[in-house]
Protein chains: 2
Amino acid sequence: MKKKITIKEIAKILMVSVSTVSKAMNDSPEISEKTKKKVKELAKFYGYVPNHIAVSLKNQSTFNIGVIIPDIQNSFLAEVLKNIEVHAKKNGYRIITFFTGEKLKEERESLNILSNGMVEGIIVCPSEETFVERQFEHFKNIAETTPIVTFDRLHKELNFNSVSVDDDQSILKACAHFQETDAKNVLFVSSIGWLSVGKTRRRTFTSFIESESSLSGETIEEHELEDLRQKIEERLTDSSQPKVDAILGADIESTIIANAIIAKNKLKLIDEISLIGYVNKKHNELQHPRVSYINQFPEKVGEQAVELLIKNLKEDQKKITQEIIKTAIVVKDTSK
Amino acid sequence: MKKKITIKEIAKILMVSVSTVSKAMNDSPEISEKTKKKVKELAKFYGYVPNHIAVSLKNQSTFNIGVIIPDIQNSFLAEVLKNIEVHAKKNGYRIITFFTGEKLKEERESLNILSNGMVEGIIVCPSEETFVERQFEHFKNIAETTPIVTFDRLHKELNFNSVSVDDDQSILKACAHFQETDAKNVLFVSSIGWLSVGKTRRRTFTSFIESESSLSGETIEEHELEDLRQKIEERLTDSSQPKVDAILGADIESTIIANAIIAKNKLKLIDEISLIGYVNKKHNELQHPRVSYINQFPEKVGEQAVELLIKNLKEDQKKITQEIIKTAIVVKDTSK
DNA sequence: CTGTTAGCGCGTTCAT
DNA sequence: ATGAACGCGCTAACAG
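Residues numbered from 1 in each chain as written. Chains lettered and ligands numbered in written order. Predicted model: local features only at pLDDT ≥ 70, side-chain atom pairs only at ≥ 80, totals over all residues. Heavy atoms only, no water.

## Quick word on the overall build of chain A
Link 1 in the chain: Secondary structure summary: chain A contains 14 helices and twelve strands in total.
Link 2 in the chain: Relative to the globule expectation of 20 Å for 336 residues, the C-alpha radius of gyration of chain A, 26 Å, shows a markedly less compact shape.
Link 3 in the chain: In terms of overall dimensions, chain A has C-alpha extents of about 95 × 40 × 35 Å along its principal axes.
Link 4 in the chain: For chain A, the residues scored as buried account for 52% of the 336 residues in total.
Link 5 in the chain: Restricting to contacts in chain A with at least 6 residues of sequence separation, those with at least 24 account for 71%.
Link 6 in the chain: With the model as given, the accessible surface of chain A reaches about 15,400 Å², and the carbon-plus-sulfur share is 51%.
Link 7 in the chain: Once the 48 positive and 49 negative side-chain charges of chain A are each reduced to a mean point, those two points are 10 Å apart. (Helix = DSSP H or I, 4+ residues; strand = E, 2+ residues; numbered from the N terminus. Rg over C-alpha atoms; globule rule 2.2 N^0.38 Å. Buried < 20%, exposed > 50% of the residue type's maximum accessible area, 1.4 Å probe, protein only. Contact = heavy atoms within 4.5 Å. Areas by Shrake-Rupley, 256 points an atom, 1.4 Å probe, with all protein chains shown as cover. Lys, Arg positive; Asp, Glu negative; His and termini not counted. Charge placed at Lys NZ, Arg CZ, Asp CG, Glu CD.)

## Thoughts on the protein's contact with DNA strand D
Link 1 in the chain: In the vicinity of DNA strand D, 28 residues are found, and the nearest of them are Ile7(A), Tyr48(A), Thr20(B), Lys23(B) and Glu30(B).
Link 2 in the chain: Protein-adjacent atoms of DNA strand D, using a 4 Å cutoff, are sugar or phosphate at a proportion of 63%.
Link 3 in the chain: A distance of 3.2 Å separates a phosphate oxygen of DNA strand D from a polar atom in the side chain of Lys8(A).
Link 4 in the chain: The element contributing the most residues to the surface near DNA strand D is helix H4 (residues 52-59) of chain A, with four residues.
Link 5 in the chain: Its residues placed into classes, the surface near DNA strand D shows ten nonpolar, twelve polar and six charged. (Near = heavy atom within 4 Å. Polar contact = N/O pair within 3.5 Å; in protein donor to acceptor, adjacent residues only side chain to side chain. Nonpolar A, V, L, I, M, F, W, Y, C, P; charged D, E, K, R; others polar.)

## Thoughts on the sheet that holds strand E4 (residues 148-151) of chain B
Residue and element names in this part refer to chain B.
Link 1 in the chain: Taken together, six strands build an open sheet; the order of strands is E2-E1-E3-E4-E5-E11 and the sheet is parallel. Across the chains shown, the open sheet's two edge strands, defined by having one partner strand only, are strand E2 (94-99) and strand E11 (322-325). Averaged over neighbouring strand pairs, the angle between their axes works out to 15° when direction is ignored.
Link 2 in the chain: Note: E4 against strand E5 (residues 161-165), three bridges, orientation parallel. (Pairing = 2+ DSSP bridges. Axes fitted to C-alpha atoms, helices over the stretch in contact; angles between N-to-C directions.)

## Quick notes on the pairing of strand E3 (residues 121-124) of chain B
Residue and element names in this part refer to chain B.
Link 1 in the chain: Covered by surrounding structure in E3 are Gly121 and Ile123 together with Ile122 and Val124, the residues of both alternating faces.
Link 2 in the chain: In terms of strand pairing, E3 meets E4 through three bridges, oriented parallel. Each bridged residue has a counterpart across the sheet, and for Ile123 the counterpart in E4 is Val149.

## Re a nonpolar patch on the surface
Link 1 in the chain: A cluster of nonpolar side chains, contributed by Ile13(A), Phe45(A) and Tyr46(A), occupies part of the molecular surface with about 340 Å² of accessible area.
Link 2 in the chain: Inspection of the secondary structure assignment puts Phe45(A) in helix H3 (residues 33-45). (Patch = residues over 30% accessible without salt bridge, like charges linked within 9 Å, V, L, I, M, F, W, Y side chains within 5 Å. Salt bridge = Lys/Arg side-chain N within 4 Å of Asp/Glu carboxyl O.)

## Some thoughts on the interface of chain A and chain B
Link 1 in the chain: At the junction of the two partners, chain A supplies 55 residues and chain B supplies 56 residues.
Link 2 in the chain: Interface area, chain A with chain B, both sides summed: about 5,400 Å², of which 61% is carbon and sulfur.
Link 3 in the chain: Of all residues in chain A, Met1(A), Ile53(A) and Leu286(A) bury the most surface against chain B, accounting for 14% of the area lost on that side.
Link 4 in the chain: Here chain A is connected to chain B by six salt bridges. (Buried area = accessible area lost by both parts, 1.4 Å probe.)

## Some words on the packing of H4(A) against helix H4 (residues 52-59) of chain B
Link 1 in the chain: Interaxial distance between H4(A) and H4(B) falls to 9 Å at its minimum, and their mutual angle equals 135°. Regarding the angle of H4(A) to H4(B), the classification is oblique. When the axes of H4(A) and H4(B) are compared, the crossing they make is left-handed. Facing H4(A), whose interface residues are Ile53(A), Ala54(A), Ser56(A) and Leu57(A), H4(B) presents Ile53(B), Ala54(B), Ser56(B) and Leu57(B).
Link 2 in the chain: Looking at the contact of H4(A) with H4(B), its residues break down into six nonpolar, two polar and no charged. (Parallel < 35°, antiparallel > 145°, perpendicular 65-115°, else oblique. Left-handed = near helix turned anticlockwise from the far one by under 90°.)

## Topic: helix H9 (residues 167-180) of chain A
Residue and element names in this part refer to chain A.
Link 1 in the chain: Look at H9: 20 Å from first C-alpha to last across 14 residues, which is about the 20 Å you get at 1.5 Å a residue.
Link 2 in the chain: For H9, the set of buried residues is Asp167, Ser170, Ile171, Ala174, Cys175, His177 and Phe178. Considered in projection along H9, the buried side chains sweep an arc of 155° and stay on one side of the axis.
Link 3 in the chain: Downstream of H9 by one or two residues, Asp182 has phi in the positive range, about 65°. (Expected span 1.5 Å × (residues − 1). Arc of directions from axis to C-beta.)

## Side note on the nonpolar core
Link 1 in the chain: Ranked by internal contacts, the top residues of the largest apolar core, which has 56 residues, are Ile123(A), Phe151(A), Ile123(B) and Phe151(B).
Link 2 in the chain: In this view, Phe151(A) contacts Ile69(A), Leu77(A), Val80(A), Ile84(A), Ile123(A), Val124(A), Cys125(A), Pro126(A), Val163(A) and Val301(A); residues no more than four positions away in its chain are not counted. (Core = buried A, V, L, I, M, F, W, Y, C linked by side-chain atoms within 4.5 Å.)

## Brief notes about the protein's contact with DNA strand C
Link 1 in the chain: Near DNA strand C you find 26 residues, and of these Ser19(A), Thr20(A), Lys23(A), Glu30(A) and Ile7(B) are the closest.
Link 2 in the chain: Here, DNA strand C places atoms within 4 Å of the protein, and 58% of those atoms are sugar or phosphate.
Link 3 in the chain: Separating a phosphate oxygen of DNA strand C from a side-chain N or O atom of Lys8(B) is a distance of 3.4 Å.
Link 4 in the chain: At four residues, H4(B) tops the list of elements feeding residues into the surface near DNA strand C.

## Details of the relation of the copies chain A and chain B
Link 1 in the chain: When chain A is fitted to chain B, the residual RMSD is 0.3 Å, and the transformation amounts to a turn of 180° plus an axial shift of 0.1 Å. When the rotation and shift are considered jointly, the pair of chain copies conforms to a two-fold rotation axis. Within chain A, the C-alpha atom positioned nearest to the axis of rotation is that of Ile96(A), 2.3 Å from it.
Link 2 in the chain: Interface overlap between copies: 100% of the residues of chain A at the interface are likewise at the interface in chain B, consistent with a symmetric, same-surface contact. (Least-squares fit on C-alpha atoms with pLDDT ≥ 70 in both.)

## Considerations on the pattern of salt bridges
Link 1 in the chain: Evaluated as defined, the whole model comprises 44 salt bridges over all chains.
Link 2 in the chain: Arg202(A) is the partner of Glu221(A) in a salt bridge, and the nearest nitrogen-oxygen pair spans 2.7 Å. Of the two residues, Glu221(A) is situated in strand E7 (residues 216-221) and Arg202(A) in helix H10 (residues 196-211); the sequence distance between them amounts to 19 residues.
Link 3 in the chain: With a relative accessible area of 23%, Arg202(A) lands in the partly exposed category.
Link 4 in the chain: A salt bridge links Lys23(B) to Glu30(B), with the shortest nitrogen-to-oxygen separation between them at 3.1 Å.
Link 5 in the chain: Lys23(B) gets classed as partly exposed once you look at its relative accessible area, which sits at 32%.
Link 6 in the chain: Given the relative accessible area of 60%, Glu30(B) is considered exposed.

Taken by themselves, the reported measurements are silent on function.
And the structure:
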């Protein structure tokens, strides 16, 4: 492997000083056009490119943003990630991405590594395990030296700039939508009861149902997707129980499963049963039937997260901003 | 924002030299246990962590791997990316990810930035535009100083270690599968005719059809997904033309669309029509019906790419390895 | 216009 | 056992 050429070597070849080369490369006005040309030509010839590490060390700035994501398979997170990258690039920043697999240990490590001069700020979606274990010290420690923006998942201990989604509202809106379209018995299905978002969503659902006499509700939660499918199917095909005329999917997986069961059992959409849930927008747009869904606007989440971080980078502010993105119910083929 | 503490400041506080602190932190045997303890305690107290940038500059090694991906929305690429990260981590490397949006310019920039000391090697899936424009110089230039592994997309000009998938074989296997299950007229649908993989897949399909008298075939290609959907639907519902009894989807989108049209028109799977295509495995496993698909083993692609790169990092080798992952047809509900 | 020097944070000889 | 000094590659303040 050929060694990368440095400014020093170019200087030696041209018999000038390193600073002359450096200035020439950076188009400093103190250098003559002649010298600039000479230097640049040689630099090009040898394929010189400034060593990013050295520049970062010198300037004490990397123009990198760290991103920590629990799981790339989660299509919402993937979409947010993409938009973070796009928006960061627009502002002249690169992103360095780590995945945690929802693990606390990985999250700690990622934060540590990133904060040691690699990046200027970190955008992070906290891992589930972090909430389960109620461990937030690592965030606080890192935040003392590196600006942090969290997204999607909130906790009162996480006192940072953040962008999240009005999760409660989504569920409430969906319930209200069912109510308005004369549903009687809503089945809430979830594969993320173990996740704190999952718990919140369920709680919101049950409390709504309890407060509304015109609507009754049931809940099926199961982490194992195959078990979840079985339970939902059993429930939907059990004619001895009150009829379920609407399903609310609490996450993408359970929504896909519910939709699959409806298709498999040839239940008549809208007439017999309605479905609202979370989806992969792109996929949903192509399939048939398209599921009515809760739009969480991942584009906005990503963009806002970058926005907040960059603002924080430029001006050292004290007051924190906790942004909430409003969601919307998008009616497609599975509901009125 | 609190400033990060450095070795120098610790040294001053303890009234020792920086080298003593450095050695103590790195457990050098030349430092007394007493001093080590003293240093480490203070370091911990102040939350000292070595500056990664400085260490990299000093050691001339970053333990970073650069990854360049055209599009994260592509679920195959997303899955490969995930596995690259997991496998890299296993080997003590981090990944720095850039997205190109299939653009040549972005690819060039990404390669430039990454190769300037940020990473020790780069894993890249070349962008479509790169193939269209037939520009490969930037790869060659970078490769002179930084080990490169390409994946998924091949070109004779890309003489690097690579991992790809036996794309021709996949299409051939699917055709053969149709043939064995007595299909007569296969419709090849694609939204990626503009992509070189797309062209190869189509060519493979047509040449197979032409060589086999027992099978006839047709092709619908359309970049605009809505147009594609319309054309396919028109064709399938047009009884004046010979019946299509099998569909081969050349990419995820067209496969979803084909599947949607089948569902919408209530065509009887297997009896009336079969479908094999590319899918998002996770999604497919949950939906109904599950589409018979071509498994490209993204896990293997990711793992092998890292493997190749790390081998290249350790030993400066000359002979290049072009690995081909064997694909497999996975029969689910949409084909015999 | 060009060069000298110092220093970013760290690790590593080589002295002491 | 501890410290001084150098250098990784680069930029910038200061001289000339």
